[in-house]
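Listed below, chain by chain, are the residues.
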Amino acid sequence: DPVQQAIHVLNAPVRKVDAGTCNNLLFINGVGLGFDGEVLKSMKQIRKIGGGVGYLMAVIRQVFFFKETSFLIDDGASKDKKNLLLFMVNNSSRTGGGFYVSPKSTVNDGLLDLVTCKPLSVIQRLLHLPKIKKGNHLHLPFVNHQTLENIAVMSSRKIYGQLDGELISGEKFEFTVLKDKFLFRY
């Protein structure tokens, strides 16, 4: 009920919420490079379907056709080059289509959560996709999760990404957390 929602929001306490930047572009939710960007890019072809079904169709298409991206990751302490299926920097737990890609993320801890996934076969991708949807994947041996304040990543070629649902592209991406950037009622 919209009236009840409005009353709830007006009576909710004001809380501080972090944000992040990617190449000086502001985000609140998260950024996905490579796979996630290709999902968003391919959604333009199926916009008529829209909603969760359209998003899921775009994801499944990329499950079959996406080629892993080579990333050079600099977290400030070390540099690591690796091929990855998934590279997500999150400030909150959910991303497009309600996927719990980063189930440990919170919007007010002063940190960004990096979730990466090593290359997987198409069969493995299909097998583990439901686990990512529900947030039951961080324990898997090919998934890595870490928290940080800053990170930089470069790819060997121009890649696509999504920043809070907006299509971005580039070869180098720099991320920084902006602690307590906003005040929200929730």
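The structure this text deals with has already been given above.
Residues numbered from 1 in each chain as written. Predicted model: local features only at pLDDT ≥ 70, side-chain atom pairs only at ≥ 80, totals over all residues. Heavy atoms only, no water.

The next thing to look at is the overall build of the protein. Regarding its fold elements, the protein presents four helices and ten strands. The order of α-helices and β-strands along the protein, N terminus first, is α-β-β-β-α-α-β-β-β-β-α-β-β-β. Taken over the C-alpha trace, the protein has a radius of gyration of 17 Å; the compact-globule value for 186 residues is 16 Å, and the two agree within 12%. For the C-alpha atoms alone, the extent of the protein along its principal axes is close to 50 × 40 × 30 Å. (Helix = DSSP H or I, 4+ residues; strand = E, 2+ residues; numbered from the N terminus. Rg over C-alpha atoms; globule rule 2.2 N^0.38 Å.)

Next up on the list: the nonpolar core. With 21 residues, the main nonpolar core has F35, V59, V101 and C117 as its most contacted residues. Put simply, the parts of the chain that give this core at least two residues each are α2 (35-43), α3 (51-65), β6 (86-90), β7 (112-117) and α4 (122-134). If you tally residues by element for this core, the top one is α3, at four residues. If near-sequence neighbours (up to four positions away) are discounted, F35 is found in contact with V59, Q62, V63, F66, L85 and L86. One finds F27, I73, V153 and V177 within the second-largest nonpolar core, a separate group that totals 20 residues. (Core = buried A, V, L, I, M, F, W, Y, C linked by side-chain atoms within 4.5 Å. Buried < 20%, exposed > 50% of the residue type's maximum accessible area, 1.4 Å probe, protein only. Contact = heavy atoms within 4.5 Å.)

Tracing the sequence through the fold places K79 in strand β5 (residues 79-84). C-alpha of K79 to C-alpha of P103: the two residues are 24 residues apart in sequence and 25 Å apart in space. Ignoring any residue separated from it by four or fewer positions in sequence, one finds K79 in contact with L72, I73 and D74.

Within the secondary structure layout, D36 lies in helix α2. Separated by 2.7 Å, the side chains of D36 and Q162 make a polar contact. What D36 contacts, discounting residues up to four positions off in sequence, is Y55, M88 and Q162. (Polar contact = N/O pair within 3.5 Å; in protein donor to acceptor, adjacent residues only side chain to side chain.)

With that settled, consider the pairing of β5. As paired strands, strand β4 (residues 69-74) and β5 are joined by six bridges and run antiparallel to one another. Counterpart to F71 in the pairing with β5 is K82. The loop that links β4 with its antiparallel partner β5 comprises four residues; one of these, G76, has a positive phi angle of about 95°. (Pairing = 2+ DSSP bridges.)

Okay, unusual backbone geometry next. Leaving glycine aside, a negative phi is the common case for residues, and trans is the common case for peptide bonds. One non-glycine residue, N23, adopts positive backbone phi at about 50°. Its place among the elements puts N23 in the loop between β1 (14-22) and β2 (25-27). Phi angles above zero are rare outside glycine, and N24 is one such case at about 70°. Structurally, N24 can be placed in the loop between β1 and β2.

In this section: the packing of aromatic side chains. Applying the stated criterion across every chain yields a total of five aromatic pairs. Seen from their ring centres, F35 and F66 are 5.5 Å apart, and the 85° between their planes marks the pair as edge-to-face. With F35 in helix α2 and F66 in the loop between α3 and β4, the pair connects residues that are 31 residues apart, well separated along the chain. With respect to burial, F35 and F66 carry one shared label: buried. Taking 6.3 Å as the distance between ring centres and 40° as the angle between the ring planes, the aromatic pair formed by F87 and F175 counts as tilted. Placement of the pair is F87 in strand β6 and F175 in strand β10 (residues 166-185), with a sequence separation of 88 residues. For the pair shown, F87 and F175 are each scored as buried. Taken together, the aromatic side chains of F27, F71, F87 and F175 make up a single cluster linked through ring pairs. (Phe/Tyr/Trp six-rings, centres within 6.5 Å; stacked < 30°, edge-to-face > 60°.)

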